[in-house]
Amino acid sequence: SRYLCFLLDLPSTDSMELEDNLETVGREIDGYQQSDRAELRLIQAQLQQAVEQTRYEQSRRLPSVSLVSQYNIQAQSNNLNLQEYVWPNSWYVGIGINIPIFNGFKLKHRVNAARQTEKQLVIQQHLLKEQVQLELINAQNSLEEAKQVWMRQQPMVKAAERSLALIKDRWNQGLAKYNEVADAELQVIQS
């Protein structure tokens, strides 16, 4: 913890207690959901948009009916005497029916392009899921490796601490130099 204090530029007299341990991190990795990743949510939204675009392009093959209406009032005169104007009005209502018969294969190509976009996004989504899964496996492997390193370091830490205690005793008795004590403290920090 003193080395961490040194790295954080805190006084070495401060005591620091770490709350996380390797088991906590392991549980967090095990509880990880792929749906937590923003990239996967983004590509899912893009895929949904591509599906809707394909449906829209396919729907353009169907006949469409539209209602058209207009109401118009106008007047015309050579003077600005508005009270004498005759204001004729006109209006009409109509129904428009559009039956797509042939449009030069434009619609077919738009549908195919929308389907290709959809297929590409499905492939990207699959690759991204595989990448996330690989990252998760790598994280679990790194955690396991860290646990093993920690287990192997424990005897070395205890040995370094015993060595430091012995050298401090020798220093207190005047049999060792201070640089030996400093070297032993460095060994404890490094281990």
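My aim in this report is to walk through the structure given alongside it, one point at a time. Remember, it's a predicted structure, so these values are computed and weren't measured experimentally.

Overview of the overall build of the protein chain
Helix and strand counts for the protein chain come out as five helices and two strands. N-terminal to C-terminal, the α/β element order of the protein chain is α-α-α-β-β-α-α. Going through the 191 residues of the protein chain one by one, you find that 15% of them count as buried. Looking at the protein chain alone, contacts between residues at least 24 apart form 65% of all its contacts between residues at least 6 apart. Per element, the accessible surface of the protein chain, about 15,700 Å² overall, is 54% carbon and sulfur.

Points about the layout of surface pockets
Reported here for the second largest pocket is a volume of approximately 190 Å³. Every residue along the wall of the second largest pocket is listed here: R60, L62, S64, N98, P100, I101, F102, N103, K106, L107 and R110. Per element, the largest residue contribution to the lining of the second largest pocket is three residues, and it comes from helix α4 (residues 106–172). Its residues assigned to classes, the lining of the second largest pocket comprises five nonpolar, three polar and three charged.

So, the packing of helix α3 (residues 38–59) against α4
Remark: α3 packs on α4, axes separated minimally by 9 Å, with the N-to-C direction vectors making an angle of 165°. By the criterion of interaxial angle, the relationship of α3 to α4 is roughly antiparallel. Along this stretch, α3 crosses α4, giving a crossing that reads as left-handed.

Details of a positive patch on the surface
Together, R61, K108, R115 and K119 make up a positively charged patch on the protein surface. Mapped onto the fold, K119 is located in helix α4.

As for the side chain of E57
Along the chain, E57 turns up in helix α3. Sequence-distant contacts of E57, defined by excluding residues within four places in its chain, comprise L107, R110, V111 and A114.

Focus on the nonpolar core
Inside soluble globular proteins, nonpolar side chains tend to come together where they are buried. Formed by L40, I43, L47, A50, L121, L128 and V132, the largest nonpolar core amounts to seven residues. Looking at which element gives the most residues to this core, the answer is α3, with four residues.

The rules behind the values
Residues numbered from 1 in each chain as written. Predicted model: local features only at pLDDT ≥ 70, side-chain atom pairs only at ≥ 80, totals over all residues. Heavy atoms only, no water. Helix = DSSP H or I, 4+ residues; strand = E, 2+ residues; numbered from the N terminus. Buried < 20%, exposed > 50% of the residue type's maximum accessible area, 1.4 Å probe, protein only. Contact = heavy atoms within 4.5 Å. Areas by Shrake-Rupley, 256 points an atom, 1.4 Å probe, with all protein chains shown as cover. 1 Å grid on protein atoms, 1.4 Å probe; cavity = no way out; pocket = protein on both sides within 12 Å on 5 of 7 lines; lining within 4 Å. Points joined across faces, edges and corners; volume = space filled by probe spheres on them. Nonpolar A, V, L, I, M, F, W, Y, C, P; charged D, E, K, R; others polar. Axes fitted to C-alpha atoms, helices over the stretch in contact; angles between N-to-C directions. Parallel < 35°, antiparallel > 145°, perpendicular 65-115°, else oblique. Left-handed = near helix turned anticlockwise from the far one by under 90°. Patch = residues over 30% accessible without salt bridge, like charges linked within 9 Å, V, L, I, M, F, W, Y side chains within 5 Å. Salt bridge = Lys/Arg side-chain N within 4 Å of Asp/Glu carboxyl O. Lys, Arg positive; Asp, Glu negative; His and termini not counted. Charge placed at Lys NZ, Arg CZ, Asp CG, Glu CD. Core = buried A, V, L, I, M, F, W, Y, C linked by side-chain atoms within 4.5 Å.

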